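One letter stands for each residue in the lines below.
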Amino acid sequence: MKSISESKSILSEVMLPNQANPTGIVHGGEIMKIMDSCGGVAAMRHAKTNAVTVRVDELVFYKSIKVGQLVICEAELAFAGKTSMEVKITVKVEDLVSECSSEIALTAFFTYVALDNTGKPCPVPELIIETEEQKKTFELRKQKYLDIKKYRK
Ligand SMILES: CC(C)(COP(=O)(O)OP(=O)(O)OC[C@H]1O[C@@H](n2cnc3c(N)ncnc32)[C@H](O)[C@@H]1OP(=O)(O)O)[C@@H](O)C(=O)NCCC(=O)NCCS
């Protein structure tokens, strides 16, 4: 068993002109790539093996991100099944040249599957839930996991 805090992952990156459109707004796909990398680190830290992305749910863009701004991506496990892990990802944006505090720009849930060294799904540790908020999220995502299992059959 492993706690959520043990695998929490944070990735920060300043946005550059080659990541943006001509008006200076960063492409959504650039941020999604950072989210996938950060979520993948959390999944691999939990599973201690390779993990691949199989699904993205509830991706929401709340704020546009501009060239020169700092993107801070945070990923933590929301739910763990037998071989799959759902990771809650929050992207904050910070303007480095103003006093304003960071704001949430995107959120999503990414699902990863742990693979053994033959490329087959392999078991992951159970999650230790430590807070009321983690418990609430775990129960909600467990229901989603069970719903998805039903329609995949
Ligand atoms: C990951 C992969 C090997 C799983 O193969 P599979 O035949 O679907 O395996 P299973 O049916 O045994 O499912 C394994 C787990 O993944 C989950 N899963 C598989 N596909 C899923 C999907 N589309 N959405 C949510 N969960 C999914 C299953 O629920 C199961 O979870 P559990 O063990 O916790 O109950 C296969 O789907 C794959 O290779 N996908 C491509 C991954 C990839 O290349 N990603 C991009 C690059 S990182």
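For the structure, check the block above.
Residues numbered from 1 in each chain as written. Predicted model: local features only at pLDDT ≥ 70, side-chain atom pairs only at ≥ 80, totals over all residues. Heavy atoms only, no water.

Draft legend 1. Inspection of the sheet that holds strand β6 (residues 103–115) at higher detail. The strand order β2-β4-β5-β6-β3 describes an open sheet built from 5 strands, whose pairing is antiparallel. Either end of the sheet is taken by a strand with one partner, and the two such strands are β2 (9–14) and β3 (50–61). Going across the sheet, the axis of each strand differs from the next one's by a mean of 25°, ignoring polarity. Sheet analysis places β2 next to strand β4 (residues 70–80), joined by 6 bridges and oriented antiparallel. Note on β4: the bridge partner recorded for Ser9 is Ala75. Each of β3, β4, β5 (84–94) and β6 touches helix α3 (residues 132–152); the most contacted strand, β4, lies at about 70° to it. (Pairing = 2+ DSSP bridges. Helix = DSSP H or I, 4+ residues; strand = E, 2+ residues; numbered from the N terminus. Axes fitted to C-alpha atoms, helices over the stretch in contact; angles between N-to-C directions. Contact = heavy atoms within 4.5 Å.)

Draft legend 2. Spotlight on the site of the ligand. For the ligand, the set of nearby residues contains 15 residues, the closest of which are Lys82, Thr83, Ser84, Tyr145 and Lys149. Thr53 is positioned with one of its backbone polar atoms (N or O) 2.8 Å from a nitrogen atom of the ligand. Arg152 is positioned with one of its side-chain polar atoms (N or O) 3.0 Å from an oxygen atom of the ligand. For the ligand, the protein covers 58% of the area, taking 940 Å² as the surface of the free molecule. Of all the secondary-structure elements, those providing two or more residues to the shell around the ligand are β3, β6 and α3. Grouping the amino acids of the shell around the ligand by side-chain chemistry returns 7 nonpolar, 4 polar and 4 charged. (Near = heavy atom within 4 Å. Polar contact = N/O pair within 3.5 Å; in protein donor to acceptor, adjacent residues only side chain to side chain. Areas by Shrake-Rupley, 256 points an atom, 1.4 Å probe, with all protein chains shown as cover. Nonpolar A, V, L, I, M, F, W, Y, C, P; charged D, E, K, R; others polar.)

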